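Commentary on secondary and tertiary structure
Each chain is listed here by its residues.
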4 protein chains.
Amino acid sequence: MGEVNFHGVFPYLVTPVDTQGNIKSEVLARLVDHLVRSGVQGLTPLGSTGEFAYLNWFQKRRVVEVVLEANAGRVPVIAGVAATTTAEAVRQARELEALGVNGILAILETYFPIPESGVINYFTEIARAVSCPIVLYTNPNFQRGDLTLRVIEQLMKVPNIRYLKDASGDTGRLLSILNLVGDRIRIFSSSTHIPLCVMLIGGIGWMAGPACLIPSQSVRLYELARAKKWEEAMILQRELWRINQVFTSYSLAACIKAGLELQGFPVGDPLPPQVPLKEEAREEVRRVLEAVGAL
Amino acid sequence: MGEVNFHGVFPYLVTPVDTQGNIKSEVLARLVDHLVRSGVQGLTPLGSTGEFAYLNWFQKRRVVEVVLEANAGRVPVIAGVAATTTAEAVRQARELEALGVNGILAILETYFPIPESGVINYFTEIARAVSCPIVLYTNPNFQRGDLTLRVIEQLMKVPNIRYLKDASGDTGRLLSILNLVGDRIRIFSSSTHIPLCVMLIGGIGWMAGPACLIPSQSVRLYELARAKKWEEAMILQRELWRINQVFTSYSLAACIKAGLELQGFPVGDPLPPQVPLKEEAREEVRRVLEAVGAL
Amino acid sequence: MGEVNFHGVFPYLVTPVDTQGNIKSEVLARLVDHLVRSGVQGLTPLGSTGEFAYLNWFQKRRVVEVVLEANAGRVPVIAGVAATTTAEAVRQARELEALGVNGILAILETYFPIPESGVINYFTEIARAVSCPIVLYTNPNFQRGDLTLRVIEQLMKVPNIRYLKDASGDTGRLLSILNLVGDRIRIFSSSTHIPLCVMLIGGIGWMAGPACLIPSQSVRLYELARAKKWEEAMILQRELWRINQVFTSYSLAACIKAGLELQGFPVGDPLPPQVPLKEEAREEVRRVLEAVGAL
Amino acid sequence: MGEVNFHGVFPYLVTPVDTQGNIKSEVLARLVDHLVRSGVQGLTPLGSTGEFAYLNWFQKRRVVEVVLEANAGRVPVIAGVAATTTAEAVRQARELEALGVNGILAILETYFPIPESGVINYFTEIARAVSCPIVLYTNPNFQRGDLTLRVIEQLMKVPNIRYLKDASGDTGRLLSILNLVGDRIRIFSSSTHIPLCVMLIGGIGWMAGPACLIPSQSVRLYELARAKKWEEAMILQRELWRINQVFTSYSLAACIKAGLELQGFPVGDPLPPQVPLKEEAREEVRRVLEAVGAL
């Protein structure tokens, strides 16, 4: 793929698993093809709404194999690496690179709080273990703590740490990061209430689960932002926000999976003890998808 | 002042108090005059950085008298009302309206958690007690809880509740509010990391302490946003954010007061047991004000 | 009253206020008499369930006058002082001592975070302003932050700071404090799930709202603990805990006031925008009071 | 081992791992023997300070094999099962029972919030998969949320769910649980600031990492409590608390491992990116261990 330049909409791919724990490769491949044909600029398997925290290594590897094969080099694939130990994360990163991914989304899972020196070590070791670009992942909602500016300042010195996915939604934090990293590190935001502001601030796109459900609308939003048609873009973002607003009342992975079922992708339920959407919630998802033309 | 239409930059005026507890009216009047001449669209005494939580009623009333007299009708004055009881808030609102303020910034102080019905009652009673427009104030950082969408949905039915100052910085929340209230309620944001995004989303200005220190830069940012020169505006906002970024390390009221001292307004220190800035912090404030041309 | 030696059960007295804002002195006096006759070792007006945060100074002063007169020197009266500014707290403390209270429960109200040096200053100034003993109050539930060990270490040097009311319920924290202060400062705990453990650790009693409703049972628990009949005491505490367990579902001040109404003390509702108990909750309070023989 | 009746001190065994990721079986076996000879009533491998969150399945299984062999049936072994998915937890529980453990400490790891029905399902499926007794584990410090009373009320109906390890340190919560479960479920507490209170309330012992370092002192505390010598026990607990107080400033797993190294057990450092204690902290651990006679 030559020198990469990641940007645009990267859907967090859901992970369809059957009751025996096998990856449903046919439906995953079909979803990948659908998203690429809808114009997304990249694909991210094993992100948060890909339920990375609920999969074992054999499932994770199989997901990446299926995605790479279905994508067939059409768009960049940035796969999630997530572990509590540095050794395990390094192992995963190496194997995924060997499989052929174009980038690594590096996620630190924690149980005990980890001091800054440990956090720096974790991400640095992952980066050193591979030659592809690394996207740092930071999500204060589901992780303990956040990547501090001091940590980012150290990590930006590692050559292949080139991107940051910031799920904080804190524009002050984003401005501080941008004032710190300049063009050295590029910023992906999270989902549909913030991407336009992040693009205006200087971001280059977003990684998010809902883009699985509204790929063409997401790409349209991205293109409007890129063309600096900010007011027109904001009208679209206000409309798309209604979807995420519904999702905030429920489990995000359950919502995306329910929505994809409605769209004809039998991806199944989130892995137990996660709980699938109840009928009423499913109806709400249906209504809001219809309202934005995604059903 | 006829039918009001609040918009633009409303600095939260600091409250200069001498060691006997008297309001230093001369310096406050001079600051008011300076801000109005710098182009701000309004003034807000008794906001958070006005240390409303540290003043007794006699001090509060005197602040408003001095501001109204120094302003002499040039721009709208929206004064803060803050109490734990409905009765006290209603009393304050009536007295401030009688003094001549153009609007009330209504703040709920809490000790025990207050259920939604109590919150609705509090703001409704304040609004009914006066005829001027009410700005609802919501700040999850210093208050317990936030105004929920359900509460806002009820309060928007009260005729003179016309504005909301949202200090959450949560653009998802803002989109949800805007999708709920349409043009019925207008949104003011808080300080310099978020106002441009809020303007793009549909906000009408901001109320903030730092605008005391950078009034002309703030007005310039507002005008760029109003003229839809979003990229040019963002360059300015990124620059101005450096000021707020410094302030986040310290007490905001102490920073604004220290900065004004540097600008030649002897407003003194925040009220004890608040602690004034130490020398090193004062130097940092000086440097960042110089960097944006505010010294 | 000579050299004081505070210990035992100090009910936080509720504050009965009529719709005009006047203190209902007759019912408050009757409650005081009832509690003293029930054997409580002291009285604490203007504590948290006394709604100190919802009263103005005239109301606060009147409460203390009524309590002192009704008590007529039978038990020690420790009155709450609470303010955001040092100056106001000092003023309150002086006036309350002049009225004749035997001790001051010193409470720091906050809006902005206050650094340790400010916290130390606040409590030290209150202590210096009076000659009676000071009880430091610390409640992480309703205040921002807590008195740190470093702050307590400084404050224990002030001669008349002699007691600490710790509402944290954190026995590790209490052990750390006791290991720090030895016999220099005596510890009061809060309500009925923790007092026996705190007594075993080395505490000397408790200050709590529920003791208004179950004064004789509380005194019995205290006496069992003092007599080191720990197992017998624990049986009683497990029984009394059922009351507090009910209260945790609702507003504490509303529960205590509702319970007192059921016991024949027309103390009214908590001050708006606080919300009185609904009928169902009132029934639950009735049932649990009947179950412990308090109705 | 016949009908089990777990009670007393169960140290959370640390997990010694070499740089290749192998379990250091010799030192682990020696530690097990030392603890059993010191009188502990049971052993818990794969608890929180056993770094369960940092081990893969092969490491976990090896830990249990080594512990079972070194223990040789002298005391009950309750091993930790921890997973994000029900399927993986069930698999682990079955394998551990087949290895010969006497009980399972069941831990729910979470990423997305799990509703109560999912939590109930998770623990019920684990219990059904084995015939040995289950200890429910709940730790609000490192997990999201806590086992609610409603969840416990459902789970107490499952025949082999017989114990609860509650790490909350909230005596009110413990009283509520005890009032709910009666003798149906027995309570283990966590470490050295709370066990005496929990024993007085009705608990039957504790599971904790520090007991690795002070086994005989812990057993002495337990025996004093069992003999109802509460005041004598409290003197010992106040002394032992000094150890935990030191540990709260650092990572617990790092402290226990550092202390064991000082005692002659070369267990190594916590797994990266966890960070070992710095020299100064190590000295502090040394001093406090010396002070309680554990060095």
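1. A word on the interface of chain D and chain A
On the chain A side, the residues contacting the 28 residues of chain D number 28 residues. Connecting chain D to chain A are zero salt bridges. Looking at the side of chain D that touches chain A, the element that brings in the most residues is helix α4 (residues 116–129) of chain D, giving three residues. Of the residues in the side of chain D that touches chain A, the class split is 17 nonpolar, 10 polar and one charged.

2. So, the arrangement of the chains
Chain A shows no contact with chain C. Their nearest C-alpha atoms sit 19 Å apart. Left apart from each other, chain B and chain D have a closest C-alpha approach of 19 Å.

3. Some details on the interface of chain C and chain D
Across the contact, 24 residues belong to chain C and 24 residues belong to chain D. Across the interface of chain C and chain D, roughly 2,300 Å² is buried in total on both sides, 57% from carbon and sulfur atoms. Of all residues in chain C, N179, L200 and R238 of chain C bury the most surface against chain D, accounting for 28% of the area lost on that side. In this assembly, chain C and chain D are joined by zero salt bridges.

4. Digging into the pairing of strand β2 (residues 78–83) of chain A
Residues and elements named next belong to chain A. With respect to burial, β2 is a largely interior element, six of its six residues being buried. Residues I78, G80 and A82 of β2 are buried on one face, and the alternating residues A79, V81 and A83, pointing to the opposite face, are buried as well. Note: β2 against strand β3 (residues 103–108), six bridges, orientation parallel. The residue bridging G80 from the neighbouring strand is L105, located in β3. Remark: the β2/helix α3 (residues 86–99)/β3 crossover connection has right-handed handedness.

5. Points about the relation of the copies chain C and chain D
When chain C is fitted onto chain D, the two copies agree to an RMSD of 0.0 Å after a turn of 180 degrees and an axial shift of 0.0 Å. Expressed as a symmetry operation, the mapping of one chain copy onto the other fits a two-fold axis. Residue C197 of chain C, judged by its C-alpha, is the member of chain C lying nearest the rotation axis, at 2.8 Å.

Analysis parameters
- Residues numbered from 1 in each chain as written.
- Chains lettered and ligands numbered in written order.
- Predicted model: local features only at pLDDT ≥ 70, side-chain atom pairs only at ≥ 80, totals over all residues.
- Heavy atoms only, no water.
- Contact = heavy atoms within 4.5 Å.
- Salt bridge = Lys/Arg side-chain N within 4 Å of Asp/Glu carboxyl O.
- Helix = DSSP H or I, 4+ residues; strand = E, 2+ residues; numbered from the N terminus.
- Nonpolar A, V, L, I, M, F, W, Y, C, P; charged D, E, K, R; others polar.
- Buried area = accessible area lost by both parts, 1.4 Å probe.
- Buried < 20%, exposed > 50% of the residue type's maximum accessible area, 1.4 Å probe, protein only.
- Pairing = 2+ DSSP bridges.
- Right-handed = clockwise from strand over helix to strand, strands pointing away.
- Least-squares fit on C-alpha atoms with pLDDT ≥ 70 in both.

Shape descriptors only; they carry no functional weight alone.
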